[in-house]
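The residues making up each chain are set out below.
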Amino acid sequence: MENKEERLDPVRTFTIISLRLDPETWREFVSERDNQLIFNRFLSAQDNCNLFIWKQQQQTQSVLSVSLHFPENVHTKVICVSKKNHEVITKENATSILMIQEVPGGDTFSYSVTVIEEVICPLLGNLEMNSSYEAGVAEEALRTMKRLKNAALVMKAQIEGLTHLSLPDALRGDAVHDEGRKLSDVHKLLHACDSSIIEWAELVSEFLQRDSSQPILDGRKPLPTEEFNFWKNRLKNLNFIQQQLMSSRAKQLGSIVQTAESVYWATLTDIYRDVQEALKEAEDVTLSLNSLQKQLEEVEQMEYKQLEANMAAVMEEVRLVWIRSESYCRPSRMVVLLQEICNLFIQMSRKFLCGEEVMRGLVSNPALVHRDVSLVIRTLLSFREAYLQCKTQLENQSQQDGVTQTWDVPLHLVFKHLDNFLTQLHSIREAFCVVLQYNQVDQTVLSGVNGRMWTDAVQGVYEDFLSHVTVLSECKCDPTDPDDQSSRLHLDQFQDQMLDLDRQLGSVLSRAFENCCDFLSASKLVEMFEFVLDRPLIQDQLHPQLIRLVELVLMELDQIEVLFYCQRDKPETFSRFTPTAAAGLCWTQQLKRRTENTLENYRKVEYLCMGSAKSQLVQQRAQQILDLLQDFRDQLRTDCSCQLDSDCAFILQQPLIQQKQQGMLGVNCSHKLEAVLRELRYVSRERDVELLPHAARLFTVREDVTQSRLSLGHMVSCYNQVISDALQVELPLIQDQQQELYRALSELQRNTWSCEGVQHLVEQRRESVLIFHSTVSKARNNMDAMTNIIQGWAELHLLQRSGDLLLEGGATGESYRQIREEGQELLKLTQVNRSLYGAEDSFESWIRYLDHIDDKVQDALFQLLLRSLHSLSDYMSPQVHTPRNLKSFLYCAPLQGGGLELSLQLEETGSVFEPSVGDGLSDLLKNIISDIYTAASLPPRISVSHQGNYQVSLQQCPELSALEQEVMHRLLQVREEAERLRVGLDRYSYLWQSDRLVVLQEFLTYSRRLGPEELDAAEAPPTLKDFWREIESLHSLSREVADLDDIIVLHSWLQVDLRPFRDSLLSIIYDWTHMYTNYLLDSVSNSLQQVTQCAGGDEESSCSSSFPLTETIILLEAAGVQLPEHLSAQLQC
């Protein structure tokens, strides 16, 4: 509302002062949506000339109100804003056009008139009450009040758009019959009546002379609503005048002037007559315009795209007004009405186009704006066309009845403003057409030697175009306003700029055409820039090059002719994969299409080459080549028909199938038949090829023959597959069915492709073959499934290894379950195959078939046992290097049932293996070997001619027995190695075999351990150094034992766990160390007691000790022994 507030500045200033408003109240008032709509209609519409603002009481407060009509029942003053001219209000013309004044409210006028007439005038006319006034004062006051009353009545009528006829003040009901009235008073009364008649005549005459064409004569552009309002207001005012003329006082006035034989009696009679005639005319026109008004109101509510379809209906209503209304059947009034309707459509069109947004659409969406502008032009032209059609209808009707008047009005009077608006729209559309054309330039890329250079030049033109379009789109003007000269200047300037770009683009295209060496490249260039070639300036520049297109077309036609003569005698060039005759027809058809396409492309640009003298030669040259190709096609067609008929006759005489080597069958002449059918298919596409009898017969049944050939091929393939893939043990099982089918198929060798019912016979035989093939295929699939199961057993793992360890139990259980389940599956599949083959259990052929499968099962189980024993043997095979530990291997605990692992334990009797390296390990390996053989007993026996399970047969196999003996031999080797390991660790046996108390007593006596030969050694009590020697020796021994390996692997497969032995030995060493340190702790305790006793004065106790106290404590700390808390407390004291 900002712009509208600027246009309302004069109204705002006057209203704030007149109604004593706060500026904030005014801002709130104009910001309300309903009020904005009213202000917008007043400011932007030409036919809304009055605006009324007033204060209205609502509940306990007064609020501002606004309307386009004078308010009723208003008791306060009203601000009346009027336009001096019917124009749209802008910021610039608001001050000069708007006229603002205060007027009393409607009720105020009625109240004033009533007070003056009923109160003031009677009071002033009362002689008794006026006796106190000076002479003549009361009379003057009375005359003043009457003048005010008349002025109020006149103003009230003017506000309501009515004509008030004032009556003389001296007029009373008894004025004519008053015998006592003075002659001078009679003359005054007659003069007053004559003056009123004169005034009435002027007012009525002035009103009746008003015409709805006045706004147009004033240079404005009124809408149909102004026409409709004019006649409605005219009718309303005429009824008001009629009512006044028929009032009692007006009749009294007429009686006075008639009685007095006044010369104005005739004037009054004319007034009565003119008002009656005008009233009749207004009623007729108003009634006639009602239907048109409703039609236009409906049109205004429609979407713009619906207008075109309703233009004829609007014009039909106008025609009906012309026919029905005698008063409106005048060319001048019809011109006014049609101009107003044109103004309405112009206004709707401008609103639809959003005038100020049009220029911005050049950049944002030119296609959409161009479409909208074209729609507006088409819609407005449809209204003009509807007018011409109605005009023609009126002329035809006038010729028929001789009564109907025609519209003999020059078109420029009716469509003056519409034509100007259309001219402006055409300029706008032309600008958008140019934009749409040049927008396509950005997508063009020229090829060839200089293609890059031409492309850059075209892009330069496009960039200049973009800059011009950008400038035009930024213009702040409304191009849809026919009165806006600035928009016309901008559009004209843009057209001049586009002409300059046309010259540049035409120059670039002219040089590009010069580089075209053939018609194909030239036609592509034309097609690429076809969107700008219709621009006159470019077309003129390119005219010499476009004329050259004719020569390029003739060159292309010459090349087609040369190609024809060079290749027509070389059938291999026609097509490598198509029959020769059919390929020749296709080749000539291609040349024909090439010729026709060249001619068609030329016709697209022929309008550009009309100035060439050779233009007609192109048509003649193309027709010559087409005739040449047609003659050659006729000859090919004849040869093709004869050869094809001969081939078809040969095919129809051939048998369906033929016998091949090794009992195989084949489709007879399959490739020849396929080639003939393919040629028939190609030839059938040529409409002008006639098929001879044999070819026609084969073509008629081509679908059946093709289907039969495919069925035969499938059937023979299935039969040959069964025969060629049959196993030696399978042949006896299918021999009977095979021979029966062979006899049935032999019948097909006696039938040819020309026999009746071939397809039915083939389908019968095909069904039997497919059933046979399906049965055998299922059996073979079952055999393949059994073979896969059997082969899978050879890949099973009965022993599970993890790194260098052999684990037993988990893998074996899973493998056992798989073998057992799949063994049952084998037995089930053999029974299925027995049903498929239709064999009995007692058939010799079936027994051999089962033996074949049984041999496969036993062989697979043998491979399984052999691989498992090999794995066990390889696992137990000694390595070249010495026994190694598992610190470099991942340790895995044994699974269920134990693994190949021993542990060395230290017991009271010495070191022993758990389990024993003898019987325990031997039993474990025997259990593993037994588990391996057990796998062969799991599957049921397939053969009925062999007794016992597979394990019994395989245990007798020498190769498996040899592997079993090898495993037991390697067990003996590892047992000896384990014993050597245990004996080697017995070097520490003195630690668990010696008595520590005896050894301590010996140490305390001799300061060392005596050897067996030292029986008479001298006593030598130990010193602290001797104690340190023994303790340090035990510490070294402890470190040596701690460095023993956790696990040692013997022969790379038996792991020995030394941790139990090592932990027990470390515990014994600790006890030995503890023996010496405890003795020293006791010595320290005794020394502290002696020191305490000496400090207490016990002279009898000895204050000496065997070891120095300080050195003893230091030795204990070096040995890692901490003093007990009570000894530490004694030392601190």
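Keep in mind that what you see is a predicted model, and the values were worked out from it rather than measured.

Engineer: Looking at this structure, how should I read the overall build of the protein chain?
Structural biologist: On a plain count of helices and strands, the protein chain comes out with 43 helices and 13 strands. A total of 1133 residues make up the protein chain; the buried ones form 45% of that total. Considering only intrachain contacts with a sequence separation of at least 6, the fraction spanning at least 24 residues in the protein chain is 73%. Just so you have it, the protein chain exposes about 59,900 Å², and 49% of that area is on carbon and sulfur atoms.

Engineer: Can you walk me through the packing of helix α10 (residues 224-245) against helix α12 (residues 265-301) in this structure?
Structural biologist: Two numbers describe a pair of packed helices, the interaxial angle and the distance between the axes. Running from N to C, α10 and α12 cross one another at 150°; their axes reach a closest spacing of 8 Å. Here the hand of the crossing between α10 and α12 comes out left-handed. In terms of residue class, the contact of α10 with α12 is made up of 17 nonpolar, 5 polar and 5 charged.

Engineer: Looking at this structure, I do not really get the packing of aromatic side chains. What am I missing?
Structural biologist: Any aromatic ring pair is given by two values, namely how distant the centres are and how the planes are angled relative to each other. For the coordinates displayed, the defined rule picks out 19 aromatic pairs. Ring geometry for tryptophan 322 against tryptophan 407: centres 6.1 Å apart, planes inclined by 85°, an arrangement best described as edge-to-face. Pair noted here: tryptophan 322 is in helix α13 (residues 307-324) and tryptophan 407 is in the loop between α17 (366-401) and α18 (411-414), with a separation of 85 residues, a long-range link. Between tryptophan 992 and phenylalanine 1061, the ring centres sit 6.3 Å apart and the planes meet at 85°, which makes this aromatic pair edge-to-face.

Engineer: Can you help me understand the environment of glutamine 623 in this one?
Structural biologist: Note on placement: glutamine 623 falls in helix α27 (residues 615-652). The sequence separation of glutamine 623 and glutamate 596 amounts to 27 residues, and the corresponding C-alpha distance is 9.4 Å.

Engineer: I'm lost on the side chain of serine 327 in this one. Help?
Structural biologist: Among the structural elements, serine 327 can be located in the loop between α13 and α14 (331-353). By relative accessible area, serine 327 is classed as buried at 15%. What serine 327 contacts, discounting residues up to four positions off in sequence, is Glu281, Asp284, Val285 and Arg333.

Engineer: Please explain the side chain of glutamine 339 as it appears in this structure.
Structural biologist: If you trace the backbone, glutamine 339 turns up in helix α14. For glutamine 339, a relative accessible area of 9% puts it in the buried group. Polar contacts involving the side chain of glutamine 339 include one to the main-chain carbonyl oxygen of leucine 413, which spans 2.4 Å.

Engineer: Which parts of the structure should I look at to understand the nonpolar core?
Structural biologist: Within soluble globular proteins, side chains that are nonpolar tend to cluster in buried spots. Counting 110 residues, the largest nonpolar core has Phe383 and Leu425 as the members making the most contacts within it. Apart from the residues lying within four places of it in its own chain, the contact partners of phenylalanine 383 are Met311, Met315, Leu338, Ile341, Cys342, Phe345, Phe415 and Leu418. In this structure, Leu924, Leu960, Leu1037 and Leu1115 belong to the second largest nonpolar core, which totals 105 residues.

Engineer: Quick question: what am I supposed to make of the sheet that holds strand β2 (residues 61-67) here?
Structural biologist: Whether parallel or antiparallel, the strands of a sheet pair through hydrogen bonds between backbone atoms. Taken together, the 4 strands give an open sheet; going across it, the order is β2-β1-β3-β4, and neighbouring strands pair in antiparallel fashion. One side of each edge strand has no neighbouring strand; the edge strands of this open sheet are β2 and β4 (98-103). Pairs of neighbouring strands in the sheet enclose a mean axial angle of 20°, with direction left out of account. Bridge analysis of strand β3 (residues 78-83) against β4 gives 6 bridges, and the strand direction is antiparallel. Bridge pairing in β4 places lysine 83 opposite leucine 98. Contacting β1 (50-58), β3 and β4, helix α2 (residues 9-18) crosses the sheet at an angle of about 15° to β4.

Engineer: Before we go on, may I ask you to explain the confidence of the model for the protein chain in this structure?
Structural biologist: Predicted coordinates in areas of low pLDDT are best not read in detail. Of the residues in the protein chain, 74% have a pLDDT of 70 or more, and the chain-wide mean is 76. Predicted confidence in the protein chain is weakest over strand β9 (residues 884-885), with a mean pLDDT of 36, and strongest over α12, with 91. The model gives residues 802-810 a pLDDT under 50, and that stretch makes 32 contacts with residues more than four places away or in other chains.

Engineer: Please explain empty space enclosed by the protein as it appears in this structure.
Structural biologist: Empty space left among the atoms is revealed by rolling a probe the size of a water molecule over them. Evaluation of the coordinates by the stated rule reveals 2 cavities of 30 Å³ or more. Here the second largest cavity defines a volume of roughly 40 Å³. Looking at the lining of the second largest cavity, the elements that each hand over two or more residues are α10 and α12. By residue number, the principal contributor to the lining of the second largest cavity is α12, which donates 4 residues. A per-class count over the lining of the second largest cavity returns 3 nonpolar, 3 polar and 1 charged.

What counts, and at which threshold
- All chains use their own residue numbering, which begins from 1 and follows the written sequence.
- Only residues with pLDDT of at least 70 are given local features in this predicted model, and only at 80 or more are side-chain atom pairs given and counted; all residues enter the totals for whole chains, interfaces and linings.
- For side-chain calculations, the full set of non-hydrogen atoms in the structure is used, while hydrogens and water are omitted.
- Here a strand is any run of E in DSSP of at least two residues, a helix any run of H or I of at least four, and the numbering for each starts at the N terminus.
- Each residue is placed in one exposure class: buried if its accessible area under a 1.4 Å probe, protein chains only, is under 20% of its type's maximum, exposed if it is over 50%, and partly exposed if it falls in between.
- Contacts are assigned to residue pairs with any non-hydrogen atoms lying within 4.5 Å of each other.
- All accessibility values rest on the Shrake-Rupley procedure with a 1.4 Å probe; residue burial counts only the protein chains present in the view.
- Every axis in this analysis is a line fitted to C-alpha atoms, fitted for helices over the stretch in contact. Angles between the N-to-C directions lie between 0 and 180 degrees.
- By convention, the crossing between two helices is left-handed when the near helix turns anticlockwise from the far helix through less than a right angle, and right-handed when the turn is clockwise.
- Amino acids are sorted into nonpolar (Ala, Val, Leu, Ile, Met, Phe, Trp, Tyr, Cys and Pro), charged (Asp, Glu, Lys and Arg) and polar (every other residue, Gly among them).
- A pair of Phe, Tyr and Trp rings is counted when the ring centres sit within 6.5 Å of each other, with Trp represented by its six-membered ring. The angle between the planes then sorts it: under 30 degrees is stacked, over 60 is edge-to-face, the rest tilted.
- Polar contacts here mean pairs of N or O atoms no more than 3.5 Å apart (in protein, one a potential hydrogen donor and the other a potential acceptor; neighbouring residues in sequence count only if both atoms are side-chain atoms).
- Definition of nonpolar core: a set of buried residues of the types Ala, Val, Leu, Ile, Met, Phe, Trp, Tyr and Cys, connected through side-chain atoms within 4.5 Å.
- Two strands make a pair as long as DSSP finds a minimum of two bridges between them.
- Confidence scores labelled pLDDT are given residue by residue by the predictor and lie between 0 and 100.
- Two kinds of site are reported from a 1 Å grid over the protein atoms alone, namely cavities, where a 1.4 Å probe fits but cannot get out, and pockets, open sets with protein on both sides within 12 Å along at least five of seven lines, and residues are called lining when an atom falls within 4 Å of a point.
- Grid points are joined across faces, edges and corners, and a volume is the space filled by probe spheres set on the points.

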